[in-house]
Amino acid sequence: MKLNEHFSSLERSYLFSQIAREVDDYQSAHPSAEVIRLGIGDVTRPLAEAVVKAFADAVYEQGQAATFHGYGPEQGYAFLREAIAAHYATFQVQLSADDIFISDGAKSDVGNILDLFGPGNTALIPDPVYPVYRDTNQMAGNRIRYLDAGRHNGFLPLPDGRPADLIYLCSPNNPTGAVYRREQLKQWVDYARDLGAIILFDAAYEAFLQDEYLPHSIYEIEGARECAIEFCSFSKTAGFTGTRCGYTVVPRELERGGFSLHDMWFRRQSTKFNGVSYPVQRAAAAVFSPQGETQCRASIEVYRQNAAIICEALRGCGIWHVGGENAPYIWMQCPGGLSSWEFFRLLLNRAGVVGTPGSGFGKNGEGYFRLTAFGDTEKTQQAMERIADVIGRIS
Ligand code: PLP
């Protein structure tokens, strides 16, 4: 028997367990201290009322013979795919419902998509990075070339002339919160088309965009339908992290070597996946109803307000940072030349505030720190006052 030996090349994922351990130690030593967490990447606000109602109604439908649903259509129910296509139309992207595949979330699809590609491909992956891109390519035995992101390019790397088969882009970005502009994405689309490469575009934070000139989708760029697959999710748009629903767009035009990637993905999904539950798909469709949209936007508005509080405090301290305006993440330079973990420990011990050391997202994250806007507004305000105080003492 042969095992997948590529698993041995994976780095141990210790970032969040190490953080949890250090926070536990701190809390045991200071039982009365109120620790504020600005490190979590999970949402905290509940599902919107309209979503809960649609969810519950669909559960009751499942309990009646007349309205019971068994296995659903392989790509997902048309009512949800059509609602998603209508959402894309709001930013002038014309998708057919047939381009869209419903899934249990973006993470699964980002990993599963590698089933379409043979082993030994070269993947361009930004550093710092959402670790799933790196780990899934290592598991598949692919070659990884890192795209250097840093202050010099605003954490938005552009094509550098190196060959690639797969190109991972995430905008708005996790962990940096940086967002590609249209003309930058155009450079990537042109590059991918020249190389015959495929862009894997992660739009999980699309709902956080507020500047109207920023692209929500890679398909806003001419030519992208022939070179890009897009992943999106209800997790951050509508608080579905624990409910699970996402979607992947594989346009009909996307072909390589005489094969339709759309047909391959359909085949892959209908062989290895049996769809998302009917109530969850009804709940997801309600996100796009007029009430659902208003209510989901209200939650995002709270997170935006938190992000604005964080950015304003950092500006007040003269700390370089990116993100926050069109993303729930704020990526800050550590003050006083501290390393990511040094700053983490200083904040925890002097302020009782938890963030995420940037070095956990790749070597270029060293010296940076990620704060998230997914918390409570009052606590975020308190945390930033404490952080400003700590920074004030360093400089
Ligand atoms: N893509 C990015 C960039 C993420 O940050 C996350 C979750 O944190 C995901 C995808 C996963 O989304 P889902 O909950 O839909 O699996």
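Model, not experiment: these values are computed from the prediction.

## Quick look at the environment of phenylalanine 259
Step number 1: Here phenylalanine 259 lies in strand β10 (residues 259-260).
Step number 2: Ignoring anything within four residues of it in the chain, the contact list for phenylalanine 259 reads Leu254 and Met264.

## Describing the nonpolar core
Step number 1: By size, the foremost hydrophobic cluster in this structure holds 93 residues, and its most contacted members are Ile167, Ile199, Phe234, Phe240 and Leu371.
Step number 2: Beyond its immediate chain neighbours, meaning those up to four positions away, leucine 371 contacts Leu38, Ile310, Leu314, Pro328, Tyr329, Ile330, Met332, Gly355, Met384 and Ile387.
Step number 3: Grouped together as the second largest cluster of nonpolar side chains are 24 residues, Ala106, Ile113, Leu166 and Leu261 included.

## Focus on the side chain of asparagine 326
Step number 1: Along the chain, asparagine 326 turns up in the loop between β11 (321-323) and β12 (329-333).
Step number 2: From its side chain, asparagine 326 meets the backbone nitrogen of glutamine 210 in a polar contact 2.7 Å long.
Step number 3: Looking at asparagine 326, its side chain comes within polar contact range of the main-chain nitrogen of aspartate 211, at 3.0 Å.
Step number 4: Not counting residues within four places of it along the chain, the set of residues in contact with asparagine 326 comprises Pro172, Val179, Phe208, Leu209, Gln210, Asp211 and Leu214.

## Overview of the site of the ligand
Step number 1: By nearness alone, 14 residues border the ligand, and Ala106, Asp202, Tyr205, Ser233 and Ser235 come closest of all.
Step number 2: Considering the ligand on its own, with 400 Å² of exposed area, one finds that the protein chains cover 90% of that surface.
Step number 3: Among the cavities detected, the one that contains the ligand is the largest pocket.
Step number 4: Of all the elements in the fold, those that place two or more residues in the shell around the ligand are α4 (106-112) and α7 (235-238).
Step number 5: The residue inventory of the shell around the ligand, partitioned by class, reads six nonpolar, four polar and four charged.

## Details of helix α8 (residues 261-272)
Step number 1: Compared with an ideal rise of 1.5 Å per residue, which puts 12 residues at 16 Å, α8 spans 16 Å between its outermost C-alpha atoms and is within 8% of the ideal.
Step number 2: Within the span of α8, buried status applies to Leu261, His262, Trp265, Arg268 and Gln269. Seen from one end, α8 has its buried residues packed into an arc of 125°, which puts them on one side. What points out from α8, more than 90 degrees from its buried face, is the exposed set Arg267 and Thr271.
Step number 3: For α8, the side-chain oxygen to backbone nitrogen distance between the N-cap and histidine 262 is 3.3 Å, and the N-cap itself is serine 260.

## Description of the packing of helix α10 (residues 290-316) against helix α12 (residues 377-394)
Step number 1: Here α10 crosses α12 at 10°, and the two axes come no closer than 10 Å. Accordingly, the angle class assigned to the pair α10 and α12 is roughly parallel. Of the residues in α12, those in contact with Val302, Gln305, Asn306, Ile309, Ile310, Ala313 and Leu314 of α10 are Thr377, Thr380, Gln381 and Met384.
Step number 2: The residue makeup of the contact of α10 with α12, split by class, is six nonpolar, five polar and no charged.

Conventions and cut-offs
- The residue numbering used here restarts from 1 in each chain and proceeds along that chain's sequence as written.
- For a predicted model such as this one, the threshold for reporting local features is a pLDDT of at least 70, and the threshold for listing and counting side-chain atom pairs is 80 or more; totals across whole chains, interfaces and linings nevertheless cover every residue.
- Side-chain metrics in this entry use all non-hydrogen atoms of the structure; hydrogen atoms and water are not considered.
- Numbered from the N terminus, helices here are DSSP runs of H or I no shorter than four residues, and strands are runs of E no shorter than two.
- The contact criterion used is simple: two residues touch if any of their non-hydrogen atoms lie within 4.5 Å.
- What is meant by a nonpolar core is a set of buried Ala, Val, Leu, Ile, Met, Phe, Trp, Tyr and Cys residues, joined one to another through side-chain atoms within 4.5 Å.
- Remark: exposure states derive from per-residue accessible area (1.4 Å probe, protein chains only) relative to the maximum for the residue type, with buried under 20%, exposed over 50%, and partly exposed in between.
- Polar contacts here mean pairs of N or O atoms no more than 3.5 Å apart (in protein, one a potential hydrogen donor and the other a potential acceptor; neighbouring residues in sequence count only if both atoms are side-chain atoms).
- Each residue is tested against the molecule or strand, and it is near if at least one of its non-hydrogen atoms lies within 4 Å.
- Residue burial considers only the protein chains on display, and all accessible areas are found by Shrake-Rupley using a 1.4 Å probe.
- Here a cavity means grid points, on a 1 Å grid over the protein atoms only, where a 1.4 Å probe fits yet cannot get out; a pocket means an open set of points with protein on both sides within 12 Å along at least five of seven lines; lining residues are those with an atom within 4 Å of a point.
- A pocket or cavity is taken to hold a molecule when more than half of that molecule's atoms are within 2 Å of the pocket's grid points.
- Residues are sorted three ways: Asp, Glu, Lys and Arg are charged, Ala, Val, Leu, Ile, Met, Phe, Trp, Tyr, Cys and Pro are nonpolar, and all the rest, Gly among them, are polar.
- To estimate the expected span of a helix, count its residues, drop one, and scale the result by 1.5 Å.
- Note that the arc is computed from the directions linking the helix axis to the C-beta atoms.
- For helices, the axis comes from a line fit to the C-alpha atoms of the stretch in contact; other axes are also lines fit to C-alpha atoms, and the angle between any two N-to-C directions lies between 0 and 180 degrees.
- To sort the angles, those under 35 degrees are grouped as roughly parallel, those over 145 as roughly antiparallel, those from 65 to 115 as roughly perpendicular, and the leftovers as oblique.

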